[in-house]
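The chain contents come next:
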Amino acid sequence: MKRQGLSHFPTSNIAIGPGSKQLIFSALSSITANVALPAPSWVSYGPQVEIAQRRKPSTVTCNVQSRWFPTSKQLDRHMTRQQASRDSVARRPTVLILNSPNNPTGQMMDALEMRELAEVARRWNMVVVSDEIYALTAHPSHEHVSFAKFYPEGTIVTSGLSKWCGAGGWRLGYMAIPERLSWMLPAVDTIASETFSAVAAPVQHAAVRAYQDDDELVNFRRLQARTLSAVAKYCYAALSKAGVSVLPAHGGFYMFLDFSRFSRRLVSDGVRSSRAMCKALLSDTGVALLPGSAFLRSKGEFTARFAFVDFDGEQALENIERYSDDDLDEFVERHCPRMAEGVAALATWLEPYQPKLPGVQPAATA
């Protein structure tokens, strides 16, 4: 956090728990609020809100033009509608959860976007939970910036070590609460005391090593970022060539795929939802995607999350330095073969669903 210039959090306001997921839930359970989620959003935010607040979250539906993030105008309109509602619950204080680098899209908010959203959040006195679990997986062409830089007084920052360490089972997360929101701490402490108590000792020792930030770890993050970027670019090129609408990933290891171009022919083949599409793709090819409906998108929208980490990370990190930037496609095909095979299989599966060009007739056969 100090590397990001976030020195305004008192050390007494930093909570440690068995993963940032648990800490986000603790924060949501410590405040009575209306919770707003961008759509798409990570699959666990919605269920956590329903458990903690006993009501569904409100959603801000985003689009590809804003790179799947809410715009300041969208958020302001959303808040205006909420506060004009006759529902007293809807007029509660609002918590907004943001995630950059983003799961499921791989996108990162830029400084201008954050500044404009921060102005709206400040105007409406919102509490923002900035989930920065993928911060240290930013690809080489992009630098992570925390939302707390632009709205320090109202932003809770959460992160942890499992994603950037490639250590999914080693759960240690932290949550930093600004001074203005210190009133949340007693509830957060009580939840910790009465549920998980503490992080397992071996994981604590691993975290001490992980956060030392010496040359070995800096080099590990550099190689990891270059590897993820190489695989992301390879998959982006192959998917785009196949006709899938997708934005290049800038952080993390996900992309959000839009198959709308194929929707008419998918529907004519009996595939009428993102879930049905993903089920058919898995059955036919063995390629697994998570449907857009799992991320708060409508069921009839043909979107899905694509994860590009099905490869041997140790082998990839050992070999990435042997390849120049011009040879990274060869690196992916040789050291991340399942990813190359997966996008090729997906492209082949889509061929029968390619929309027909107007006026083009199939060639006559003898």
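Structural data are supplied above this passage.
Heads up: these notes are all about the structure in this document.

Turning our eyes to something else, we now look at a negative patch on the surface. Judged by side-chain charge, Asp326, Asp327, Asp329 and Glu333 come together as a negatively charged surface patch. In this structure, glutamate 333 sits in helix 11 (residues 328-335). The class of glutamate 333 is partly exposed, set by a relative accessible area of 44%.

In this section: the packing of aromatic side chains. One pass over the full model with this rule turns up 10 aromatic pairs. Measuring from centroid to centroid gives 5.1 Å for tryptophan 42 and tyrosine 45, while their planes differ by 80 degrees, and the two rings are edge-to-face. Accessibility assignment for this pair places tryptophan 42 and tyrosine 45 in one class, buried. Put simply, the rings of Trp68, Phe256 and Phe295 pair up and form one aromatic cluster. The residue whose ring lies beneath arginine 221 is tryptophan 164, and the NZ or CZ to ring-centre distance is 5.6 Å.

The buried fraction of strand 4 (residues 94-99) amounts to six of the six residues, a majority that puts the element mostly inside the structure. Of the two faces of strand 4, the one lined by Thr94, Leu96 and Leu98 and the one lined by Val95, Ile97 and Asn99 are each fully buried. Pairing of strand 4 with strand 5 (residues 127-131) involves five bridges; the strand directions are parallel. Bridging across to strand 5, asparagine 99 finds its partner in aspartate 131. Between the parallel elements strand 4 and strand 5, the chain passes through helix 4 (residues 111-123) in a crossover that is right-handed.

Now for the sheet that holds strand 7 (residues 173-176). Here we have seven strands laid out as an open sheet, ordered 1-7-6-5-4-2-3, and mixed in their pairing. Each of the sheet's edge strands pairs with one partner strand only, and the pair in question is strand 1 (14-17) and strand 3 (58-61). Adjacent strand axes in the sheet meet at a mean angle of 20 degrees, parallel and antiparallel pairs treated alike. In the sheet, strand 2 (residues 34-39) pairs with strand 4 via three bridges, with the strands oriented parallel. Each bridged residue has a counterpart across the sheet, and for valine 35 the counterpart in strand 4 is valine 95. The sheet strands contacting helix 3 (residues 72-84) are strand 2, strand 3 and strand 4, and the helix crosses strand 3 at an angle near 150 degrees.

Okay, the pattern of salt bridges next. In this structure the tally under the stated criterion is 13 salt bridges. With a closest N to O distance of 3.5 Å, lysine 56 and glutamate 50 form a salt bridge. Lysine 56 gets classed as exposed once you look at its relative accessible area, which sits at 60%. Note on glutamate 50: relative accessible area 37%, which makes it partly exposed. One network of salt bridges, in which partners are shared, links Arg222, Arg226, Glu321 and Asp325.

Another aspect to go through is the nonpolar core. The biggest cluster of nonpolar side chains holds 46 residues, and the ones touching the most others in it are Leu257, Phe259, Leu289, Phe306 and Phe308. Mapped by element, the contributors of at least two residues to this core are helix 7 (215-241), strand 8 (254-258), helix 9 (274-285), strand 10 (303-307), helix 11 and helix 12 (337-350). The leading source of residues in this core is helix 7, at eight residues. When residues no more than four places from it in sequence are discounted, the contact partners of phenylalanine 259 are Val244, Met277, Leu289, Phe302, Ala304, Leu346 and Leu350. Formed by 23 residues, the second largest nonpolar core is a distinct cluster that contains Ile24, Leu28, Tyr45 and Ile156.

Strand order in the open sheet formed by three strands is 8-10-9, and the pairing between neighbours is antiparallel. Whereas interior strands pair on both sides, the edge strands pair on one side only; in this sheet they are strand 8 and strand 9 (290-291). In this structure, strand 8 lies alongside strand 10, joined through five bridges in antiparallel fashion. By the bridge assignment for strand 10, phenylalanine 256 is matched with arginine 305.

Our focus in this paragraph is the packing of helix 3 against helix 4. Taken N-terminus to C-terminus, the directions of helix 3 and helix 4 make an angle of 15 degrees; their axes are 8 Å apart at the nearest point. Put simply, helix 3 runs roughly parallel to helix 4. Along this stretch, helix 3 crosses helix 4, giving a crossing that reads as right-handed. Here Ser72, Leu75 and Asp76 of helix 3 lie close against helix 4, whose contacting residues are Glu116, Leu117, Val120 and Arg123. In the contact of helix 3 with helix 4, the residues fall into three nonpolar, one polar and three charged.

Right, let's talk about the side chain of arginine 67 for a bit. Inspection of the secondary structure assignment puts arginine 67 in the loop between strand 3 and helix 3. Overall, the relative accessible area of 18% leaves arginine 67 in the buried class. Engagement of the side chain of arginine 67 in a polar contact is seen with the side chain of glutamate 113, the distance being 2.4 Å. If near-sequence neighbours (up to four positions away) are discounted, arginine 67 is found in contact with Gln107, Met108, Met109, Asp110, Glu113 and Leu247.

Of the consecutive residues alanine 39 and proline 40, the connecting peptide bond is found in the cis state with omega at 20 degrees. Inspection of the secondary structure puts proline 40 in the loop between strand 2 and helix 2 (45-53). The peptide bond linking serine 100 to proline 101 adopts the cis configuration, its omega dihedral lying at -5 degrees. Along the chain, proline 101 turns up in the loop between strand 4 and helix 4. The backbone of arginine 54 shows a phi angle near 55 degrees, a positive value even though the residue is not glycine. Relative to the assigned elements, arginine 54 resides in the loop between helix 2 and strand 3. The exposed category is assigned to arginine 54, whose relative accessible area is 78%. In this structure, aspartate 213 takes a positive phi of about 60 degrees despite not being glycine. Locating aspartate 213 in the fold gives a position in the loop between helix 6 (201-210) and helix 7.

What counts and how
Per chain, the residues get numbers from 1 upward, laid out in the order the sequence is written. With the structure being a predicted model, the display of local features is reserved for residues of pLDDT at least 70 and the display and counting of side-chain atom pairs for 80 or more, all residues being used for whole-chain, interface and lining totals. Calculated side-chain values reflect all of the structure's heavy atoms, with hydrogen atoms and water omitted. Patches were defined on residues exceeding 30% relative accessible area and lacking a salt bridge, with like-charge contacts within 9 Å and nonpolar side-chain contacts (Val, Leu, Ile, Met, Phe, Trp, Tyr) within 5 Å. Note on areas: these come from Shrake-Rupley sampling with a 1.4 Å probe, and a residue is covered only by the protein chains present in the view. Every case where a carboxyl oxygen of Asp or Glu lies within 4 Å of a side-chain nitrogen of Lys or Arg is listed as a salt bridge. For the purpose of charge, His is not counted, nor are the chain termini; Lys and Arg are scored as positive and Asp and Glu as negative. Throughout, a charge is located at the NZ atom of Lys, the CZ atom of Arg, the CG atom of Asp or the CD atom of Glu. Numbering goes from the N terminus for both helices and strands, where a helix is a DSSP run of H or I of at least four residues and a strand is a run of E of at least two. Note on exposure labels: buried denotes an accessible area under 20% of the residue type's maximum, exposed denotes more than 50%, and partly exposed covers the range between, all computed with a 1.4 Å probe on protein chains only. Here a pair means two rings of Phe, Tyr or Trp (six-membered ring of Trp) with centres within 6.5 Å. Their orientation is stacked below 30 degrees between planes, edge-to-face above 60, and tilted elsewhere. Placement of a positive charge over a ring is assigned whenever Lys NZ or Arg CZ falls within 6 Å of the ring centre and within 35 degrees of the normal to the ring plane. Only strands joined by at least two bridges in the DSSP assignment are considered to pair. Whether a crossover is right-handed depends on one test, that the path from the first strand over the helix to the second runs clockwise when the strands point away from the viewer. For helices, the fitted line uses only the C-alpha atoms of the stretch in contact; every axis is such a line through C-alpha atoms, and the angle between N-to-C directions lies from 0 to 180 degrees. The contact criterion used is simple: two residues touch if any of their non-hydrogen atoms lie within 4.5 Å. As used here, the term nonpolar core means buried Ala, Val, Leu, Ile, Met, Phe, Trp, Tyr and Cys residues forming a set that is joined through side-chain atoms within 4.5 Å. What sets the label is the angle itself: under 35 degrees gives roughly parallel, over 145 gives roughly antiparallel, 65 to 115 gives roughly perpendicular, and the rest give oblique. Less than a right angle of anticlockwise turn of the near helix away from the far helix marks a crossing as left-handed, whereas a clockwise turn marks it as right-handed. Here the nonpolar group is Ala, Val, Leu, Ile, Met, Phe, Trp, Tyr, Cys and Pro; Asp, Glu, Lys and Arg are the charged ones; every other residue, Gly included, is treated as polar. Counting of polar contacts relies on pairs of N or O atoms within 3.5 Å, with two restrictions inside protein: one atom must be capable of donating a hydrogen and the other of accepting it, and residues adjacent in sequence are counted only when both atoms are side-chain atoms.

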